[in-house]
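Fold and contact review
Here is how the chains run, residue by residue.
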Protein chains: 2
Amino acid sequence: MTEPLKAGATIGILGGGQLGRMLSVAAARLGFKTHIYEPGATPPAEHVAYRLTTASYEDEDALIAFANSVDVITYEFENIPTSALDILEAHRPIRPGREALRVSQDRLTEKSFLQELGLKTAPYAAVQTQDDLTAAVDQVGAPAILKTRRFGYDGKGQARLQTPDDIPQAIADMAGAPALLEGFVDFTHEVSVIAARGLTGDVACFDPGENVHRDGILHTTTVPATLTAGQRMDAVLLAARILNELEYVGVMGVELFVTSQGLIVNEIAPRVHNSGHWTQNGCAVDQFEQHIRAIVGWPLGDGQRHTDVVMENLIGQDINHVPQILRESNNALHLYGKEEIKEGRKMGHVNRIKPAST
Amino acid sequence: MTEPLKAGATIGILGGGQLGRMLSVAAARLGFKTHIYEPGATPPAEHVAYRLTTASYEDEDALIAFANSVDVITYEFENIPTSALDILEAHRPIRPGREALRVSQDRLTEKSFLQELGLKTAPYAAVQTQDDLTAAVDQVGAPAILKTRRFGYDGKGQARLQTPDDIPQAIADMAGAPALLEGFVDFTHEVSVIAARGLTGDVACFDPGENVHRDGILHTTTVPATLTAGQRMDAVLLAARILNELEYVGVMGVELFVTSQGLIVNEIAPRVHNSGHWTQNGCAVDQFEQHIRAIVGWPLGDGQRHTDVVMENLIGQDINHVPQILRESNNALHLYGKEEIKEGRKMGHVNRIKPAST
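Presented here is an overview of the structure given in this document.

What counts, and where the lines are drawn
- Residues numbered from 1 in each chain as written.
- Chains lettered and ligands numbered in written order.
- Predicted model: local features only at pLDDT ≥ 70, side-chain atom pairs only at ≥ 80, totals over all residues.
- Heavy atoms only, no water.
- Helix = DSSP H or I, 4+ residues; strand = E, 2+ residues; numbered from the N terminus.
- Rg over C-alpha atoms; globule rule 2.2 N^0.38 Å.
- Buried < 20%, exposed > 50% of the residue type's maximum accessible area, 1.4 Å probe, protein only.
- Contact = heavy atoms within 4.5 Å.
- Areas by Shrake-Rupley, 256 points an atom, 1.4 Å probe, with all protein chains shown as cover.
- Lys, Arg positive; Asp, Glu negative; His and termini not counted.
- Charge placed at Lys NZ, Arg CZ, Asp CG, Glu CD.
- Pairing = 2+ DSSP bridges.
- 1 Å grid on protein atoms, 1.4 Å probe; cavity = no way out; pocket = protein on both sides within 12 Å on 5 of 7 lines; lining within 4 Å.
- Points joined across faces, edges and corners; volume = space filled by probe spheres on them.
- Nonpolar A, V, L, I, M, F, W, Y, C, P; charged D, E, K, R; others polar.
- Axes fitted to C-alpha atoms, helices over the stretch in contact; angles between N-to-C directions.
- Parallel < 35°, antiparallel > 145°, perpendicular 65-115°, else oblique.
- Left-handed = near helix turned anticlockwise from the far one by under 90°.
- Patch = residues over 30% accessible without salt bridge, like charges linked within 9 Å, V, L, I, M, F, W, Y side chains within 5 Å.
- Salt bridge = Lys/Arg side-chain N within 4 Å of Asp/Glu carboxyl O.
- Least-squares fit on C-alpha atoms with pLDDT ≥ 70 in both.
- Buried area = accessible area lost by both parts, 1.4 Å probe.
- Polar contact = N/O pair within 3.5 Å; in protein donor to acceptor, adjacent residues only side chain to side chain.

**A look at the overall build of chain A**
Looking only at helices and strands, chain A has 11 helices and 17 strands in total. Scaling as 2.2 N^0.38, a compact globule of 358 residues should have a C-alpha radius of gyration of about 21 Å, and chain A matches this with 20 Å. With the principal axes as the frame, chain A shows a C-alpha extent of 60 × 55 × 40 Å. Burial analysis of chain A (358 residues in total) assigns 59% to the buried set. Contacts in chain A between residues far apart in sequence, at least 24 positions, make up 61% of those at least 6 positions apart. For chain A, the exposed surface amounts to about 13900 Å²; the carbon and sulfur share of it is 48%. Separation of charge centres in chain A, based on 31 positive and 45 negative side chains, amounts to 6 Å.

**Some points on the pairing of strand 4 (residues 72-75) of chain A**
All names here are of chain A. Going residue by residue along strand 4, you find V72 and T74 tucked away on one face and I73 and Y75 tucked away on the opposite face as well. With 4 bridges joining them, strand 1 (residues 10-14) and strand 4 adopt parallel strand pairing. For I13, the partnering residue across the bridge sits in strand 4 and is T74.

**Considerations on empty space enclosed by the protein**
Counted under the stated rule, the structure contains 1 cavity of 30 Å³ or more. Of the pockets and cavities examined, the largest cavity occupies roughly 700 Å³. If you trace the largest cavity, you find 40 residues lining it, with V25, R29 and D286 of chain A together with V25 and R29 of chain B closest to the centre. Elements supplying a minimum of two residues to the lining of the largest cavity: helix 1 (18-29), helix 9 (279-282), helix 10 (287-296) and strand 16 (331-335) of chain A together with helix 1 (18-29), helix 9 (279-282), helix 10 (287-296) and strand 16 (331-335) of chain B. Along the lines of polarity and charge, the residues of the lining of the largest cavity split into 24 nonpolar, 8 polar and 8 charged.

**Focus: the packing of helix 6 (residues 130-140) of chain B against helix 7 (residues 167-174) of chain B**
Residue and element names in this part refer to chain B. At a minimum axis separation of 10 Å, helix 6 and helix 7 run at an interaxial angle of 125°. It follows from the interaxial angle that helix 6 and helix 7 lie oblique. By crossing handedness, the relation of helix 6 to helix 7 is classed as right-handed. In contact with Q130, L133, T134 and V137 of helix 6, helix 7 contributes I167, P168, A170 and I171. Partitioned by chemical class, the residues of the contact of helix 6 with helix 7 number 6 nonpolar, 2 polar and no charged.

**Things to note about unusual backbone geometry**
All names here are of chain A. Here the bond from R95 into P96 is cis, since omega is -5°, no more than 30 degrees from zero. Relative to the assigned elements, P96 resides in the loop between helix 3 (82-89) and helix 4 (98-104). Here N330, not a glycine, exhibits a phi torsion of approximately 65°, which is positive. Here N330 lies in the loop between helix 11 (322-327) and strand 16.

**Describing a negative patch on the surface**
Residues and elements named next belong to chain A. A contiguous patch of negative charge on the surface is contributed by E58, D59, E60 and D61. Looking at where E58 falls in the secondary structure, it is placed in the loop between strand 3 (51-54) and helix 2 (60-69). Overall, the relative accessible area of 61% leaves E58 in the exposed class.

**Topic: the relation of the copies chain B and chain A**
Relative to chain A, chain B is turned by 180° and slid 0.0 Å along the rotation axis, the superposed coordinates differing by an RMSD of 0.0 Å. A rotation of that kind, with that shift, is consistent with a two-fold axis. When C-alpha positions in chain B are compared against the rotation axis, the closest is assigned to V48 of chain B, at 2.0 Å. Counting the interface residues of chain B, we find that 100% of their copies in chain A are interface residues as well, pointing to one common contact surface.

**Here we look at the sheet that holds strand 5 (residues 124-127) of chain B**
All names here are of chain B. Ordered by their spatial adjacency, 4 strands build an open sheet running 5-8-6-7, and the pairing between neighbours is antiparallel. Since the sheet does not close on itself, it has two edges, and those belong to strand 5 and strand 7 (158-161), each with one partner. For this sheet, the mean angle separating the axes of adjacent strands, direction not counted, is 25°. Strand contacts of helix 6: strand 5, strand 6 (144-148), strand 7 and strand 8 (179-183), with the helix running at about 175° to strand 5, the strand carrying the most contacts. Sitting on the sheet, helix 7 is in contact with strand 5, strand 6, strand 7 and strand 8, with an inclination near 175° to strand 7.

**Description of the interface of chain B and chain A**
Taken residue by residue, the interface counts 37 residues in chain B and 37 residues in chain A. Regarding the contact of chain B and chain A, the summed buried area is about 3300 Å², with carbon and sulfur atoms giving 59% of it. Per-residue buried area on chain B facing chain A is highest for H47, H306 and L326 of chain B; these three make up 18% of the total on that side. Taken together, the links from chain B to chain A amount to 0 salt bridges. Here chain B and chain A share 9 residue pairs in polar contact (both at pLDDT 80 or more) between them. Sorting the residues of the side of chain B that touches chain A by element identifies helix 1, helix 11 (322-327) and strand 16 of chain B as the ones contributing at least two each. If you tally residues by element for the side of chain B that touches chain A, the top one is strand 16 of chain B, at 5 residues. Tallied by class, residues from the side of chain B that touches chain A come to 18 nonpolar, 11 polar and 8 charged.

**Describing the sheet that holds strand 2 (residues 33-38) of chain A**
Residues and elements named next belong to chain A. If you walk across this open sheet you meet the 4 strands as 3-2-1-4, and the pairing is parallel. Whereas interior strands pair on both sides, the edge strands pair on one side only; in this sheet they are strand 3 and strand 4. Averaged over all pairs of adjacent strands, the angle between their axes in this sheet comes to 25°, without regard to strand direction. Bridge count for strand 2 against strand 3 is 4 bridges, and the pairing is parallel. Counterpart to H35 in the pairing with strand 3 is R51.

**Quick look at the side chain of E38 of chain B**
Residue and element names in this part refer to chain B. By the secondary structure assignment, E38 is in strand 2 (residues 33-38). Here G40 takes part through its backbone nitrogen, which lies 2.8 Å from a polar atom of the side chain of E38. With near-sequence residues (within four places) excluded, E38 lies in contact with G15, G16, G17, P43, L52, T53, T54 and A55.

**Comments concerning the environment of E267 of chain A**
All names here are of chain A. Locating E267 in the fold gives a position in strand 14 (residues 262-269). Looking at E267, the relative accessible area reads 27%, which means it is partly exposed. For the pair E267 and K111, spaced 156 residues apart in sequence, the C-alpha separation works out to 8.1 Å. Contact partners of E267, with chain neighbours within four places excluded, come to R107, E110, G253, V254 and E255. At a separation of 3.2 Å, a polar atom in the side chain of E267 contacts the side chain of R107.

**Let's talk about the environment of K6 of chain A**
All names here are of chain A. In this fold, K6 is placed in the segment before strand 1. Given a relative accessible area of 70%, K6 falls into the exposed group. In this structure the C-alpha to C-alpha distance between K6 and R352, which are 346 residues apart in sequence, comes to 35 Å.

Shown next as structure tokens:
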């Protein structure tokens, strides 16, 4: 399929979390139906999706039936088993494509890819054994962070090394999983670029946002970010280079460290990204719609921002701030419909907008 | 039920058209599930609703089961049979309440209500027979418009009288339905106020929008409207008076003619309103969310506008403008997922925003 999809077509989404939920709403706004594939019970996306399949990624029949019921397949998370992707891809196009998943599913592959593209990353070394880690600490220094190569998110699968004394504990924490030691980068702040590439190769970026993390989880994204005009241009060009190299179709989140030596790529995510949630209330076309436009072959929005926004995640008990948030002006609240409050669970977010003075 | 509903509760919506669809999305954004009740097949709201009941308004069992599956009931159109409302109301609260429906379901009752409230309306007279109509033309003059008292929308159920010679044809057009002759008002333009009243009696209004109709159907709404500060204040106070008198809970559309003698109420609609669609891209809290907040007993948004907007309806073949709309900057497109294009059918709308210059 290289022709644009017509409104009325069905978009298959792997994953029924809040990203799948917000993708479903955006798809509906453009006249598409959505079908969610999710192994877990009561996924948030179910509330706004046209269809839901509850099945595991090992269920070949369910995967085939799902693929045959949709016109294109996308996903809200990158850690989809390769075997499932093989089955799905035999029936319908998967966008963004397999190369983006291959690169981003493995931190080592991702870092090599970025360096081969001429981009800067944190110093790193592959680690499997305690001896590897000792050598890696010699190479990249300490403090440093040991991360599993695969399946990590929101600070999970990570161990911090303050000194070489922490090596045995860090290795134990990895439980034998292939890992990567990342050296620290001396950065002033982190920004991210939400970039999109269409089916015909056109690229559009939203204004970079400035991210603040708390306990390893994104806390706020602020636009505009603290960047010079030159840094802003660098960030956008660098993101475009990544998308073009991967012949990417869809929205990608590119996290960057701002340093006195220039921008350093922290990581890339081949999907809509938490740091792009501000676009829902800052742009005519948000990141979710932009992603849908890309994967159905429609023209991209240009990413123009019409208001300043501070996006704040509501994590766990932060949900108790909702009554106050509702009472304040210029707050756009987005709740995810999750039944149970858990520590570290993303329950919603609020976009605090700053309207132009009139 | 006078306590605020908790996120996670289910909102029942009578009617599965585009208004039910956009109410569903807004409800989900606040963490609620929706259940649509709709007699017709493939309703647009189904794509984004949690549950759908397909049944007629005469199906008592279906109505009771629907009511028992939800926590509060609202509606997207005012012409719901009284018998259905009686059944539903025995099980769950209906918001906005019955009085608003009683008043707005009948043009004659509505006009009397507004006049008793001290508000101005077009001159009018009740018409059942040809003799009534002859007397009515004497009273309100010609040209004038003969309208059925009930079940009219978007110019349906209306006959225009240029001169008294048109009386026989106009009476024939009504096919025996109780009717109302409305005299013309010498107005410069039409505006509407989208007003909301919460469960605790608080009132909030959005900025009035200026409406332009084409072939009897709303074509564009522009904010800000052409109004003096005094007219703007009058419009908002007048709307608040209507909502307070009805002890209204929810969003109402109040259409006003702007004349040299002040504001004249054209009609009221006890629901979210086409002329309030601009709020989706002009405000942090749009009319759909405002309505949901009101009926669940949550605090209202303050209605503040952050950008200028021109909302344009896409009627029938206007849907063919979509490729062009997608290519232009600052357009927020909202399609309704309707399968068949028909003349006069509302297929979607576009909010053309005018960002503050930066």
